[in-house]
Amino acid sequence: MEPTPHPFFEQPHRTLIRLSIPVLLSLTAEPITALVDTAFISSLGVVPLAALGVGTTALSSLFWMFGFLGVGAQTEIAQLYGGGKKEQAGGILSLTLLMSLIAGVLIILVISPGAEWLTRLLGASGAVQENAILYMRIRLFGAPAVLLTLTVFGALRGIQDMRTPLWIALGVNGLNIILDWLLIFGKGPFPALGVEGSALASTISQWLGTLVGLVLVSRKIQLSRTFQMRETLKIMRIGGDMFIRTGMLNLFLIYTTRAANQISPSSGAAHQVLRQMWVFTALALDAFASTVQSLVGYFIGQGSVRNARSVVRVVMAWSLGTGIALGLLMIGGQDLVIHYLVPPSAAAVFLPAWWVSALSQPLNSIAFLTDGVHLGTGDYGFLRNAVLSSSLAGILGLWILERTGPGTLTGIWIMITIWIILR
């Protein structure tokens, strides 16, 4: 049977942009909110900003480790739709939603008692550690909502519905910014809660967005009360590979935060700003990767490797061009970033590391694109091994730097660039 015609082959560039822009906007909504959050907390001083960096690093890394739920749902549902097996998509969605809920509850039960140990592991102490613990314990109550939303977004993108996740993301992050302003600074009847207010704002907005997302996805993909053992085992295998991959990736990034905090509070604060901007640019590049994942998965489901390769050739040019543009924008906008986000005491250590991060953006674009291709084909084992080896090498490099002389934030970001190259 001939594959179902797809608009990508009549208008490849227009179709790519039509699918990628909503993904770009939805993916960048959260880091934009995080940058606003960083700007709000930055006005309170170095200690609250460093505490925010510790808390967000720990939790975002933790949530990211369970991203396989959304990734698995996206690839499996894309391949099922490409193969004309739409009725099986409901079983995959129901299974991953249940696993997301269970995982979110377990995160609360396991991590909350260990918040003190985890913040100490990230190099926090004294007032920084106290504020980071308070932030984490409030944010943890939003863990089930975060994981459920990852699954909802993955399922919708699997059927190439990129707009619904966008509207949910805009609503959640818009509400988050409003609540941040009210709760961090204590506007109107609300008390000034500082770092705790930031955590509470995120938790409330995440749960409201999750409830909306569950209603909308159930209208597009028929949920199933039963699922086969084969489906369960497949998602678990995907979870095992992706958990190791994401765990090692996050372990490396956590180690960079720890190394920055051990240099000085100013380095820790500057690294928090750099990390938020790196996440922002990385997610912008991930818009192409997510679109590639859905399109490649769809054509692999049809059994057409040739069509999947055509997608990769078109997207490669767009992704690399975007990486170059992001690097140039970072260089051109460095003064604005320093003015609005970086405490004065941290500006000197921030600037050289910022240039290293900016120059690495074209490399980053290639790394993210190839991730999307392998996710679309379901080659999770290869991705696991690639990140495992590069992260171990990066951690070893940072460990050597720490023991060969006084560490610098620039040295840390050079090692991050080497890690990108190895990936």
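Above this text you will find the structure in question.
Calculation notes
Residues numbered from 1 in each chain as written. Predicted model: local features only at pLDDT ≥ 70, side-chain atom pairs only at ≥ 80, totals over all residues. Heavy atoms only, no water. Helix = DSSP H or I, 4+ residues; strand = E, 2+ residues; numbered from the N terminus. Buried < 20%, exposed > 50% of the residue type's maximum accessible area, 1.4 Å probe, protein only. Contact = heavy atoms within 4.5 Å. Lys, Arg positive; Asp, Glu negative; His and termini not counted. Charge placed at Lys NZ, Arg CZ, Asp CG, Glu CD. Phe/Tyr/Trp six-rings, centres within 6.5 Å; stacked < 30°, edge-to-face > 60°. Lys NZ or Arg CZ within 6 Å of the ring centre and 35° of its normal. Axes fitted to C-alpha atoms, helices over the stretch in contact; angles between N-to-C directions. Parallel < 35°, antiparallel > 145°, perpendicular 65-115°, else oblique. Left-handed = near helix turned anticlockwise from the far one by under 90°. Nonpolar A, V, L, I, M, F, W, Y, C, P; charged D, E, K, R; others polar. Expected span 1.5 Å × (residues − 1). Salt bridge = Lys/Arg side-chain N within 4 Å of Asp/Glu carboxyl O. Core = buried A, V, L, I, M, F, W, Y, C linked by side-chain atoms within 4.5 Å. Patch = residues over 30% accessible without salt bridge, like charges linked within 9 Å, V, L, I, M, F, W, Y side chains within 5 Å. Areas by Shrake-Rupley, 256 points an atom, 1.4 Å probe, with all protein chains shown as cover.

Enquirer: So what exactly am I meant to see when it comes to the overall build of the protein here?
Expert: Scanning the protein from terminus to terminus reveals 17 helices and zero strands. Overall size of the protein, expressed as C-alpha extent along the three principal axes, is 65 × 45 × 35 Å. The buried share of the protein, reckoned over its 423 residues, is 57%. Long-range contacts, defined as pairs at least 24 residues apart, comprise 83% of the intrachain contacts of the protein with a sequence gap of at least 6. A distance of 5 Å separates the average location of the 25 positive side-chain charges in the protein from that of its 18 negative side-chain charges.

Enquirer: Help me understand unusual backbone geometry in this model?
Expert: Glycine aside, negative phi is the norm for most residues, and most peptide bonds take the trans geometry. At Gln160, a residue that is not glycine, the phi angle is positive and equals roughly 60°. Along the chain, the position of Gln160 falls in the loop between helix H7 (143–158) and helix H8 (163–185).

Enquirer: What is the right way to read the side chain of Asp241 from this model?
Expert: Summarising the element assignment, Asp241 is placed in helix H10 (residues 229–263). On the basis of relative accessibility, which here comes to 18%, the residue Asp241 falls in the buried class.

Enquirer: Whenever I open this one, the packing of aromatic side chains confuses me. Can you help?
Expert: For the coordinates displayed, the defined rule picks out nine aromatic pairs. When the ring of Trp278 is compared with that of Trp419, the centres are 6.3 Å apart and the planes differ by 45°; the resulting orientation is tilted. Of this pair, Trp278 sits in helix H11 (residues 265–302) while Trp419 sits in helix H17 (residues 409–422), placing them 141 residues apart in sequence. A relative accessible area of 5% means that Trp278 is categorised as buried. Given a relative accessible area of 0%, Trp419 falls into the buried group. Clustering of aromatic rings is evident, with ring pairs tying together Phe8, Phe9, Tyr298 and Phe299. Sitting over the ring of Tyr255, Arg258 keeps its end group 5.8 Å from the ring centre. Cation over ring: Arg423 sits above Phe368, and NZ or CZ is 5.5 Å from the ring centre.

Enquirer: Would you mind going over the packing of H11 against helix H14 (residues 347–359) with me for this structure?
Expert: Each packed pair of helices is defined by two parameters, the angle between the axes and the distance between the axes. It is the contact of H11 with H14, at a shortest axis distance of 10 Å, that shows an interaxial angle of 25°. Accordingly, the angle class assigned to the pair H11 and H14 is roughly parallel. The crossing of H11 and H14 is right-handed. Of the residues in H14, those in contact with Ser266, Ser267, Ala270, Val273, Leu274, Met277 and Trp278 of H11 are Val349, Phe350, Ala353, Trp354 and Ser357. Looking at the contact of H11 with H14 residue by residue, the classes come out as nine nonpolar, three polar and no charged.

Enquirer: Is there a simple way to explain helix H15 (residues 361–377) in this structure?
Expert: Because each turn of an α-helix spans 3.6 residues, side chains separated by three or four positions in sequence point in the same direction. With 17 residues, H15 should cover 24 Å at 1.5 Å per step; its first-to-last C-alpha distance of 25 Å lies within 8% of that length. Residues of H15 that are buried: Gln361, Asn364, Ser365, Ala367, Phe368, Leu369, Asp371, Gly372, Val373, Leu375 and Gly376. Phi turns positive one or two residues past the end of H15, at Gly378, with a value near 80°.

Enquirer: What should I look at first to understand the pattern of salt bridges in this one?
Expert: Pairing between side chains becomes possible if they bear opposite charge and their charged atoms approach one another. Following the criterion strictly, the structure yields eight salt bridges and no others. Of the charged contacts in the structure, one is a salt bridge between Arg423 and Asp371, with a shortest N-O distance of 2.6 Å. Taken together, the residues span a long stretch of sequence, with Arg423 in the segment after H17 and Asp371 in helix H15 at a distance of 52 residues. Since its relative accessible area comes to 11%, Asp371 is described here as buried. Among the ionic contacts, a cluster of salt bridges with common partners joins Arg245, Asp371 and Arg423.

Enquirer: I'm lost on the nonpolar core in this one. Help?
Expert: Taken as a class, soluble globular proteins show a tendency for nonpolar side chains to be buried jointly. Ranked by size, the top nonpolar core spans 45 residues in total, and within it Phe66, Ile107, Ile111, Met136 and Met242 carry the most contacts. At 10 residues, the largest contribution of residues to this core is made by helix H2 (residues 46–65). Filtering out sequence-adjacent residues up to four positions away, Met136 remains in contact with Gly55, Ala58, Leu59, Ile111, Ala115, Leu118 and Thr119. Among the nonpolar cores identified, the runner-up in size contains 38 residues, and Leu274, Met330, Phe350 and Ile412 belong to it.

Enquirer: How do you make sense of the environment of Gln272 when you look at a structure like this?
Expert: Positionally, Gln272 belongs in helix H11. Separated by 70 residues in the primary sequence, Gln272 and Val342 place their C-alpha atoms 9.3 Å from one another. Not counting residues within four places of it along the chain, the set of residues in contact with Gln272 comprises Thr38, Leu49, Leu52, Gly53 and Thr56.

Enquirer: Please explain a nonpolar patch on the surface as it appears in this structure.
Expert: Taken together, Leu98, Leu101, Ile102, Val105, Leu106, Leu109 and Val110 make up a surface patch of nonpolar side chains, about 620 Å² in accessible area. Mapped onto the secondary structure, Leu109 falls in helix H4 (residues 89–111). The exposed category is assigned to Leu109, whose relative accessible area is 57%.

Enquirer: Help me out: how do you make sense of the environment of Phe252 in this one?
Expert: For Phe252, the location among the structural elements is in helix H10. Sequence separation of Phe252 and Tyr298 is 46 residues, and the distance between their C-alpha atoms is 32 Å. In this structure Phe252 touches Ser391, Gly394, Ile395, Leu398, Met415, Ile416 and Trp419, once residues within four positions along its chain are discounted.

Enquirer: Looking at this model, I keep getting lost on the packing of H2 against H11. Mind explaining?
Expert: Where H2 contacts H11, the axes come no closer than 9 Å and their chain directions differ by 50°. Classified by the angle their axes make, H2 and H11 are oblique. Along this stretch, H2 crosses H11, giving a crossing that reads as left-handed. Taking contact as the criterion, the partners of Val46, Leu49, Leu52, Gly53, Thr56, Thr57 and Ser60 in H2 are, on H11, Pro265, Ala269, Gln272, Arg275 and Gln276. Split by residue class, the contact of H2 with H11 holds five nonpolar, six polar and one charged.

The values are spatial; any link to function lies outside them.
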